[in-house]
Amino acid sequence: YKGNPEAEVVVVEFADFQCEPCQQHALEVQPALDAALVDSGEIMWVFKSLPLKEHAQALDAAVAAECAGDQGRFWPMHDLLFEQLETWSDEAYSADFIPLVESLGMDVESFTLCMNGRDALEAVVYDMYDAQGTAQRTPTFAVLKDGKGSVLNGSQPAENFVKILRTFIDGEGLAE
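Everything quoted here is computed from the prediction, not taken from an experiment. (Residues numbered from 1 in each chain as written. Predicted model: local features only at pLDDT ≥ 70, side-chain atom pairs only at ≥ 80, totals over all residues. Heavy atoms only, no water.)

Caption draft 1: A look at the sheet that holds strand 3 (residues 43-49). Spatial strand order, 1-3-2-4-5: five strands in an open sheet with mixed pairing. This sheet does not close on itself; its edge strands, each paired only once, are strand 1 (2-3) and strand 5 (148-153). Pairing geometry for strand 2 (residues 9-15) and strand 4 (residues 140-145), over five bridges, is antiparallel. The partner of Val-11 across the bridge, within strand 4, is Val-143. (Pairing = 2+ DSSP bridges. Helix = DSSP H or I, 4+ residues; strand = E, 2+ residues; numbered from the N terminus.)

This is how it looks when you write it as structure tokens:
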């Protein structure tokens, strides 16, 4: 997660690292949301991986992000995976994320051990279970406040998304 863990509004994003609309959200919309709402502490943003079956490399990418998280580099890896989607998502790609790991200054040996272990994969599987009943496609956003919530399917232009989230912050956008 990023942002204020004490924030009244929590946004849970379910996304697939190989999903082009997720890539567009991460690269074009999320920076504006971070600047307007996350960095100010108004919301806490939680990312959960939902690798879709039709994306052959998405599960490996989600595990790679979890392994980067073990070294405190989840968000930089998240951003890099979306920035370089066309490179690593090629069908011929061998799921070798080492060039990304090296570019982030991470420990390659620890990363490799993590990728070959079960913990990161289990974390992704838990995220997939969390998505059941909430998200069938990506990106999907669950907005939570005071025990209530709403689901937003798909991303929005940054300006619209900020306005929508402000309605939740003000308590106007929540389902009963």
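Caption draft 2: Seen up close, the packing of aromatic side chains. Here the structure, examined in full by the defined rule, presents nine aromatic pairs. Arranged with centres 5.6 Å apart and planes meeting at 50 degrees, the rings of Phe-47 and Phe-74 form a pair that is tilted. Taken together, the residues span a long stretch of sequence, with Phe-47 in strand 3 and Phe-74 in helix 3 (residues 74-83) at a distance of 27 residues. Judged on exposure class, the residue Phe-47 and its partner Phe-74 are both buried. Judged by centre distance (6.3 Å) and plane angle (80 degrees), the rings of Phe-47 and Trp-75 are edge-to-face. With Phe-47 in strand 3 and Trp-75 in helix 3, the pair connects residues that are 28 residues apart, well separated along the chain. On the accessibility criterion, Trp-75 (17% relative accessible area) is buried. Three or more aromatic residues joined by ring pairs form one cluster here, namely Phe-17, Phe-47, Phe-74, Trp-75 and Phe-82. (Phe/Tyr/Trp six-rings, centres within 6.5 Å; stacked < 30°, edge-to-face > 60°. Buried < 20%, exposed > 50% of the residue type's maximum accessible area, 1.4 Å probe, protein only.)

Caption draft 3: Spatial organisation of the nonpolar core. In this structure, Phe-17, Trp-45, Met-77, Leu-81 and Leu-165 are the most contacted members of the largest nonpolar core, which totals 46 residues. Top contributing element to this core by residue count: helix 2 (residues 58-70), with seven residues. Apart from residues lying up to four places away in sequence, Trp-45 is in contact with Tyr-1, Lys-2, Val-11, Glu-13, His-25, Gln-30, Leu-33, Val-38, Trp-75, Phe-141, Phe-161 and Leu-165. Counting residues in each nonpolar core, the second largest holds 11 residues, with Val-10, Val-12, Phe-14 and Ala-131 among its members. (Core = buried A, V, L, I, M, F, W, Y, C linked by side-chain atoms within 4.5 Å. Contact = heavy atoms within 4.5 Å.)

Caption draft 4: Local environment of the pattern of salt bridges. The final tally for this structure, using the stated rule, is seven salt bridges. The salt bridge involving Glu-122 is made with Arg-118; its shortest N-O contact spans 2.9 Å. Exposure remark for Glu-122: the relative accessible area of 29% places this residue in the partly exposed category. According to the relative accessible area criterion, Arg-118 is exposed, its value standing at 62%. If you follow the salt bridges from partner to partner, you end up with Lys-48, Asp-127 and Asp-130 in one network. (Salt bridge = Lys/Arg side-chain N within 4 Å of Asp/Glu carboxyl O.)

Caption draft 5: Spatial organisation of the packing of helix 2 against helix 6 (residues 108-116). Across the interface, helix 2 lies against helix 6 with an axial gap of 9 Å and an inter-helix angle of 130 degrees. Considering the angle they form, helix 2 stands oblique to helix 6. Like other packed secondary-structure pairs, helix 2 and helix 6 cross with a definite hand, here right-handed. Residues Asp-60, Val-63, Ala-64, Cys-67, Ala-68 and Asp-70 of helix 2 form the contact with helix 6, whose participating residues are Phe-111, Cys-114 and Met-115. (Axes fitted to C-alpha atoms, helices over the stretch in contact; angles between N-to-C directions. Parallel < 35°, antiparallel > 145°, perpendicular 65-115°, else oblique. Left-handed = near helix turned anticlockwise from the far one by under 90°.)

Caption draft 6: Up close: the pairing of strand 5. In the sheet, strand 4 pairs with strand 5 via six bridges, with the strands oriented antiparallel. Its bridge partner lying in strand 5, Phe-141 is registered against Leu-152. Hairpin connection of strand 4 to strand 5: two residues between the antiparallel strands, including Asp-146 at a positive phi of 50 degrees.

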